[in-house]
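Here is what each chain is made of, one letter per residue.
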Amino acid sequence: MNSKILEKGLLLIALVLTFLLVYSPHFSNQFPIHIDEWHHITESIKLKNGIQKGLSSTELGFHFILSIISYFADIVLIYKFLPALFALLSCLILFFIIKNKTSNLENSFMIAIFSIIFFASIKSNVNLTGLWFFTPLTFSIPFIYLYMYFFSEGIIKQNNKFILVSLVIMIFLIPIHSISVLFAIPILLIFSLFHLNYIKKQPFFLIFLLIPVVGLILYSRVMDLTILNSVKDLLFRLQFKSDWSVLEIKNSFLEVYSLVGYLLAIIGFVYITSSKEKFQKYSIYVIWPIIILIYILIFKLTNISFLSPYQRNLYYLTLSLPFLSSLGLYAVLKVIKIQTSKIVYKDEYFREKIFKIIYFLFILLIIFLTFKSYFYISNDIKLYKVISKDDYEALKFLSSLKKSKVIATPEISTAIFPISNHEPLATIYFYGNSSVSYKFFNSNCNTKNQIIDNYNISYILSENPIDCNWDIIYSKKDIIYRV
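Rules used in this analysis
- Residues numbered from 1 in each chain as written.
- Predicted model: local features only at pLDDT ≥ 70, side-chain atom pairs only at ≥ 80, totals over all residues.
- Heavy atoms only, no water.
- Pairing = 2+ DSSP bridges.
- Helix = DSSP H or I, 4+ residues; strand = E, 2+ residues; numbered from the N terminus.
- Disulfide = S-S within 2.5 Å.
- Phe/Tyr/Trp six-rings, centres within 6.5 Å; stacked < 30°, edge-to-face > 60°.
- Buried < 20%, exposed > 50% of the residue type's maximum accessible area, 1.4 Å probe, protein only.
- Core = buried A, V, L, I, M, F, W, Y, C linked by side-chain atoms within 4.5 Å.
- Lys, Arg positive; Asp, Glu negative; His and termini not counted.
- Salt bridge = Lys/Arg side-chain N within 4 Å of Asp/Glu carboxyl O.

Visitor: Help me out: how do you make sense of the pairing of strand β7 (residues 479–482) in this one?
Guide: Along any regular strand, the residues point their side chains to alternate faces of the sheet. As defined by bridge partners, strand β5 (residues 459–462) adjoins β7 across four bridges and the pair is classed as antiparallel. In the strand pairing of β7, Ile460 is matched with Tyr481. Taken together, strand β6 (residues 471–474) and the strand that follows it, β7, pair antiparallel across an intervening segment of four residues.

Pasting the structure below:
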């Protein structure tokens, strides 16, 4: 009973610390911290309001889920909690999957708890996104772990119910983040080859043709294309070239995971492949990183990444590593225990104490090295602040006015629609031409008035006074002009 209480206590501590770690960027910023998050909020509110024009359709399922959440709470204010809550869900799912997978090992709890710790150590930045941000990718993470587990266990145990569950999860993810299913198809196919004799006897597996069928039907509907044109368009779109993201060529493996985590994952990889029995049980966790590394190598050679972008592949690779890292740590600790047992002491109790001290210190060292560079982010991919509390209050004031077009800096404009429901002239990336906004705030009054006339602007939100004889209707910190 004491052992069970201790395990529950350690699990609770790991979950609380994970929540705080993922939530930490919001200690100094209570609002969404990435333009992708603001974009998804904007799309969900448009969907909720029945605005179909200009909706981003490939992640419509995610926007639908956000729109449902917005019925129960202010989506802008609660968004800061969503990354940490989904990190907790991912941790719990990963914990129970690993504990079940390693139930035959002498310390499955330790392997499962360290899988959580290594998962929590996965890094985030504004280029790769990650656990700090609530996006379709982070929403998909717990479901990726689930469908990988149910598919592999279903085939190993010849349990069609498990396989069906994995299929349902994959179909569920297609309208939310289809890339989080597409990247895994070669992994699942190669895993299946090791169990070909069973699969050939099961016509049941033809049901997996539903994945491309459902995907094509959804894509053709939302993109308003015929099935044939959808196939052509998808074949083109699923070739992610080097210009998919500005900074992706500069991405380093250490941007997403710690060096000690990688080293332990290699040991875990060797541990699994050291015997046929282990490989049969854990092969999905060996195939997963190998296939992603092949994706990355192809991109490095050709500047094209198929099925999923290079950025996402770095993250999909990292998601495969917490279990391998934990298994590697388990293998190292077994070696330490064996070597310690060879030391001859008159007092057996003293030898056991020595082992526990070494064991404890080694674990502390691993945890320190794992999180040592967690918060280090190079200057070009550091977090930025879209709006301040003063900006939020100004936008809330705008929300009480008749809806029209507003011009502000592209950064603040990113939050205009989600908070006020007014239409911004342009945001940083997704909507409009931001160069016009930058030009507006760096020009004389004549040019400013020309832009106002050309784009039918009704309100100007500025962080600094503008002396162009417009009516001031708000002037707490930010200033709002009616024109």
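Next comes the rest of the write-up.
Visitor: Explanation requested: the state of the cysteines in the structure shown.
Guide: Under the counting rule described, the total for this entry stands at one disulfide. Between the sulfur atoms of Cys445 and its disulfide partner Cys468 the distance amounts to 1.9 Å. Here the S-S torsion is close to -85°, and the disulfide linking Cys445 with Cys468 is therefore left-handed. With Cys445 in helix α24 (residues 445–454) and Cys468 in the loop between β5 and β6, the pair connects residues that are 23 residues apart, well separated along the chain.

Visitor: I keep staring at the packing of aromatic side chains and nothing clicks. Help me out?
Guide: Each pair of aromatic rings is reported with the distance of its centres and the angle of its planes. In the structure shown here, the tally under the stated rule is 38 aromatic pairs. With 6.4 Å between their ring centres and 45° between their planes, Phe183 and Trp288 make a pair best called tilted. You can see Phe183 sitting in the loop between α9 (179–182) and α10 (185–193) and its partner Trp288 sitting in helix α16 (residues 284–302), a full 105 residues away along the chain. Residue Phe183 is classed as buried on the basis of its relative accessible area, which comes to 0%. On the basis of relative accessibility, which here comes to 0%, the residue Trp288 falls in the buried class. An angle of 5° between the planes, with centres 3.9 Å apart, marks the rings of Phe183 and Tyr316 as stacked. A residue pair is termed long-range when its members are at least 10 positions apart, and Phe183 in the loop between α9 and α10 and Tyr316 in helix α17 (residues 310–319) qualify at 133 residues. Here Phe183 and Tyr316 have matching classes, each one buried.

Visitor: What is the right way to read the sheet that holds β6 from this model?
Guide: What links the strands of a sheet is backbone hydrogen bonding, and the strands pair in either a parallel or an antiparallel sense. Ordered in space as β4-β3-β5-β7-β6, the five strands form an open sheet in which the pairing is mixed. A single partner strand is all that each edge strand has here, and the edge strands are β4 (423–424) and β6.

Visitor: Help me out: how do you make sense of the nonpolar core in this one?
Guide: One finds Tyr147, Met148, Phe183 and Trp288 to be the most contacted residues of the largest nonpolar core, which totals 138 residues. Among the elements that make up this core, the one with the highest residue count is helix α7 (residues 136–156) (13 residues).

Visitor: Sorry if this is basic, but what is going on with the side chain of Lys80 here?
Guide: Along the chain, Lys80 turns up in the loop between α4 (75–78) and α5 (82–101). At 11 Å, Asp74 is the nearest oppositely charged side chain to Lys80, a buried residue that forms no salt bridge.

Visitor: It is not clear to me how the pattern of salt bridges should be interpreted in this structure. Could you clarify?
Guide: Between side chains of opposite charge, a pair can form as their charged atoms come close. Counted under the stated rule, the structure contains two salt bridges. With a shortest N-O distance of 2.7 Å, Glu153 and Lys101 are connected by a salt bridge. Taken as a pair, Glu153 in helix α7 and Lys101 in helix α5 lie far apart in primary sequence, 52 residues in all. By relative accessible area, which is 4% here, Glu153 ends up buried. Given a relative accessible area of 1%, Lys101 falls into the buried group. Across the pair Glu153 and Lys157 runs a salt bridge whose closest N-O atoms are separated by 3.1 Å. The network of salt bridges with shared partners includes Lys101, Glu153 and Lys157.

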